[in-house]
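Here's the letter readout for the chains.
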Amino acid sequence: ASQGAVWGANASILEIDLTSPGLVGVASALAPGVLRLGGSEAGANVTYVGFPGVDRPCPAGYYYCITRSRWDAILAFAAKTGVRLMLDLNLIGPGGADDWPAALAQIEALVGYTAKQQASLRPWAFELGNENQDILAPAEAAARGAAVAAVLAKHWPLKGERPLLVGPSVHLEPDWIIDFVHALPTAPLP
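Residues numbered from 1 in each chain as written. Predicted model: local features only at pLDDT ≥ 70, side-chain atom pairs only at ≥ 80, totals over all residues. Heavy atoms only, no water.

Novice: Would you mind going over the overall build of the protein chain with me for this structure?
Specialist: The helix and strand tally for the protein chain stands at 6 helices and 6 strands. Listing each helix as α and each strand as β along the protein chain from the N terminus yields α-β-α-β-β-α-β-α-β-α-β-α. Here the protein chain has a C-alpha radius of gyration of 16 Å; the compact-globule value for 190 residues is 16 Å, and the two agree. A principal-axis box enclosing the C-alpha atoms of the protein chain has dimensions of 45 × 40 × 35 Å. Going through the 190 residues of the protein chain one by one, you find that 42% of them count as buried. Of the contacts made within the protein chain by residues no fewer than 6 positions apart, 74% connect residues no fewer than 24 positions apart. For the protein chain, the accessible area works out to roughly 9,200 Å², and carbon and sulfur atoms hold 59% of it. A distance of 12 Å separates the average location of the 12 positive side-chain charges in the protein chain from that of its 17 negative side-chain charges. (Helix = DSSP H or I, 4+ residues; strand = E, 2+ residues; numbered from the N terminus. Rg over C-alpha atoms; globule rule 2.2 N^0.38 Å. Buried < 20%, exposed > 50% of the residue type's maximum accessible area, 1.4 Å probe, protein only. Contact = heavy atoms within 4.5 Å. Areas by Shrake-Rupley, 256 points an atom, 1.4 Å probe, with all protein chains shown as cover. Lys, Arg positive; Asp, Glu negative; His and termini not counted. Charge placed at Lys NZ, Arg CZ, Asp CG, Glu CD.)

Novice: So what exactly am I meant to see when it comes to the pairing of strand β5 (residues 125-128) here?
Specialist: Consecutive residues of a regular strand have side chains that alternate between opposite faces of the sheet. Residues Ala125 and Glu127 of β5 are buried on one face, and the alternating residues Phe126 and Leu128, pointing to the opposite face, are buried as well. Sheet topology places strand β4 (residues 84-89) next to β5; 4 bridges connect them, and they run parallel. Within β5, the position partnered with Met86 by the bridge is Ala125. Here 3 bridges tie β5 to strand β6 (residues 164-166), and the two strands are oriented parallel to one another. Bridge pairing in β6 links Glu127 to Val166. (Pairing = 2+ DSSP bridges.)

Novice: Could you clarify how one ought to interpret the sheet that holds β5 in this entry?
Specialist: In a beta sheet, neighbouring strands pair by backbone hydrogen bonds and run either parallel or antiparallel. The strand order across the open sheet built from 4 strands is β1-β4-β5-β6, with neighbouring strands paired in parallel fashion. Whereas interior strands pair on both sides, the edge strands pair on one side only; in this sheet they are β1 (34-37) and β6. Ignoring which end each strand starts from, the neighbouring axes of this sheet average 25 degrees apart. Lying over the sheet, helix α5 (residues 138-155) contacts β4, β5 and β6, oriented at roughly 170 degrees with respect to β6. (Axes fitted to C-alpha atoms, helices over the stretch in contact; angles between N-to-C directions.)

Novice: Got a minute to help me understand the nonpolar core in this structure?
Specialist: The biggest cluster of nonpolar side chains holds 45 residues, and the ones touching the most others in it are Tyr48, Trp71, Leu87, Leu89, Ile107, Leu110 and Phe126. For this core, the elements supplying multiple residues, two or more each, are α1 (21-30), α2 (42-45), α3 (68-81), β4, α4 (100-115), β5, α5 and α6 (174-183). For this core, the element with the most residues is α4, which contributes 7 residues. Contact partners of Tyr48, with chain neighbours within four places excluded, come to Val54, Ile66, Leu87, Asp88, Leu89, Asn90, Gln106, Ile107 and Leu110. (Core = buried A, V, L, I, M, F, W, Y, C linked by side-chain atoms within 4.5 Å.)

Novice: What is the right way to look at unusual backbone geometry in this model?
Specialist: Glycine aside, the phi torsion of most residues is negative, and most peptide linkages are trans. For the bond from Ala31 to Pro32, the omega torsion is 10 degrees, close enough to zero to count as cis. On the secondary structure map, Pro32 appears in the loop between α1 and β1. In the segment running from Gly167 into Pro168, the intervening peptide bond is cis, with an omega of 5 degrees. Locating Pro168 in the fold gives a position in the loop between β6 and α6.

Novice: How should I be thinking about the side chain of Arg144 in this particular structure?
Specialist: As for its placement among the helices and strands, Arg144 is situated in helix α5. At a separation of 2.5 Å, a polar atom in the side chain of Arg144 contacts the main-chain carbonyl oxygen of Leu91. Once residues within four sequence positions are removed from consideration, Arg144 is found in contact with Leu91, Ile92, Asp98, Trp100 and Leu136. (Polar contact = N/O pair within 3.5 Å; in protein donor to acceptor, adjacent residues only side chain to side chain.)

Novice: Would you take a moment to explain the packing of α3 against α4 for this structure?
Specialist: Each pair of packed helices gets described by two things: the angle between the helix axes and the distance between those axes. The contact between α3 and α4 brings their axes to 12 Å, and the two run at 50 degrees. Regarding the angle of α3 to α4, the classification is oblique. At the point where α3 passes α4, the crossing takes the right-handed sense. Residues Arg68, Trp71, Asp72 and Leu75 of α3 form the contact with α4, whose participating residues are Leu110, Tyr113 and Thr114. Its residues assigned to classes, the contact of α3 with α4 comprises 4 nonpolar, 1 polar and 2 charged. (Parallel < 35°, antiparallel > 145°, perpendicular 65-115°, else oblique. Left-handed = near helix turned anticlockwise from the far one by under 90°. Nonpolar A, V, L, I, M, F, W, Y, C, P; charged D, E, K, R; others polar.)

And the structure:
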């Protein structure tokens, strides 16, 4: 697999050896710390493939794919080590395309699949994108966040069992985040 612009060879959750005794040992020692999967390229580039409902394979030569088998390995790693897993979701669209309906379909497939796993494999949280403030207006990000909250509520109807929804992660842009908060639905999210 060719590496991404920032996520270098064997430094990415997409390819690091999750069975490495050293990595398992370090992560276990840091538990119950939060393992945030995301960063510069996650909020617009990562695509989720091979999940029921969106079972297309990763496009040929495309690096930023979380496959169902890799997601299973990530969930198992978090459960084994005791770290709290937080996945940064792509709020733009598969492969960096601005295609929110396709992104939401992938998120729905990933979340629906994950909700059917045993409770010990449940992520601690999902994050609403990363550094998407240059791509999304605050009101659009808030609407997409509300849609993700609804997906989580659908698949985890009991709030106490549902992973947290946090974010969005943005650079220091207080006006953007204030506008985002004001654009959130006035009714509590599910």
